[in-house]
Amino acid sequence: MNLCNCDVVAIEANYEEELLSASNLPNVLKQRIRNNHLSNQQAIDLLRCIGTASLKKVLFWHAEPEINDRMIILERAHNCLKAIGRKDIKVAIAK
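Anyway, here's the lowdown on the structure attached to this text. What you see is a predicted model; the values in this text were computed from it and never measured.

**Some thoughts on the pairing of strand S3 (residues 90-93)**
- Of the two faces of S3, the one holding Val91 and Ile93 is buried and the one holding Lys90 and Ala92 is not buried anywhere.
- Where strand S2 (residues 57-61) meets S3, 4 bridges bridge the pair, whose relative direction is parallel. Bridging from a neighbouring strand, Phe60 pairs with Ile93 of S3.
- Note on the crossover from S2 through helix H4 (residues 70-83) to S3: the handedness is right-handed.

Structure representation (structure tokens):
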């Protein structure tokens, strides 16, 4: 699959590592989350790779409120897009 030709992409941003580590979740569950879901950093790394000329909008989804912060996702996404010269890409977070 070639994501470089997409106008819109949805990327999972499930957890912020510091919030997950500090949470009261059992260690077994924390490890399952790390092994099966994308962290904010992984989501931003993916955005950096696919933020090509055709991309117009990115939707981050599956952000768990107990272990994530929507403002962190938005700030990192905007910083990433600024760094790659694509401030025109719209960013949204699914509820």
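**Some points on the pattern of salt bridges**
- This model, assessed by the stated rule, comprises 4 salt bridges.
- In this structure, Arg34 and Glu17 form a salt bridge, with 2.7 Å as the shortest nitrogen-oxygen distance. Of this pair, Arg34 sits in helix H2 (residues 27-36) while Glu17 sits in helix H1 (residues 17-22), and the two are 17 residues apart along the sequence.
- Here Arg86 makes a salt bridge to Asp88, at a shortest N to O gap of 2.8 Å.
- According to the relative accessible area criterion, Arg86 is buried, its value standing at 10%.

**So, the sheet that holds S3**
- Ordered in space as S1-S2-S3, the 3 strands form an open sheet in which the pairing is parallel. Across the chains shown, the open sheet's two edge strands, defined by having one partner strand only, are strand S1 (8-12) and S3. The sheet shows a mean angle of 20° between the axes of neighbouring strands, taken without regard to direction.
- Bridging between S1 and S2 involves 5 bridges; their strand directions are parallel. If you follow Ile11 over to S2, its bridge partner there is Phe60.
- The strands that helix H3 (residues 40-50) touches are S1 and S2; relative to S1, the one it contacts most, it runs at about 160°.

**Thoughts on unusual backbone geometry**
- Its identity as a non-glycine residue notwithstanding, His62 has a phi of 60°, on the positive side.
- Within the secondary structure, His62 is located in the loop between S2 and H4.

**Here's the deal with the side chain of Asn14**
- Within the fold, Asn14 resides in the loop between S1 and H1.
- Judged by its relative accessible area of 2%, Asn14 falls in the buried class.
- Ignoring anything within four residues of it in the chain, the contact list for Asn14 reads Ile33, His37, Leu38, His62, Ala63, Glu64, Ile67 and Asn68.

**Thoughts on the state of the cysteines**
- A full pass over the atoms with the stated rule returns 0 disulfides.
- Cysteine Cys80 shares no disulfide, and the gap to the nearest cysteine sulfur, in Cys49, comes to 8.8 Å.
- Judged by its relative accessible area of 2%, Cys80 falls in the buried class.

What counts, and where the lines are drawn
- Residues numbered from 1 in each chain as written.
- Predicted model: local features only at pLDDT ≥ 70, side-chain atom pairs only at ≥ 80, totals over all residues.
- Heavy atoms only, no water.
- Buried < 20%, exposed > 50% of the residue type's maximum accessible area, 1.4 Å probe, protein only.
- Helix = DSSP H or I, 4+ residues; strand = E, 2+ residues; numbered from the N terminus.
- Pairing = 2+ DSSP bridges.
- Right-handed = clockwise from strand over helix to strand, strands pointing away.
- Salt bridge = Lys/Arg side-chain N within 4 Å of Asp/Glu carboxyl O.
- Axes fitted to C-alpha atoms, helices over the stretch in contact; angles between N-to-C directions.
- Contact = heavy atoms within 4.5 Å.
- Disulfide = S-S within 2.5 Å.

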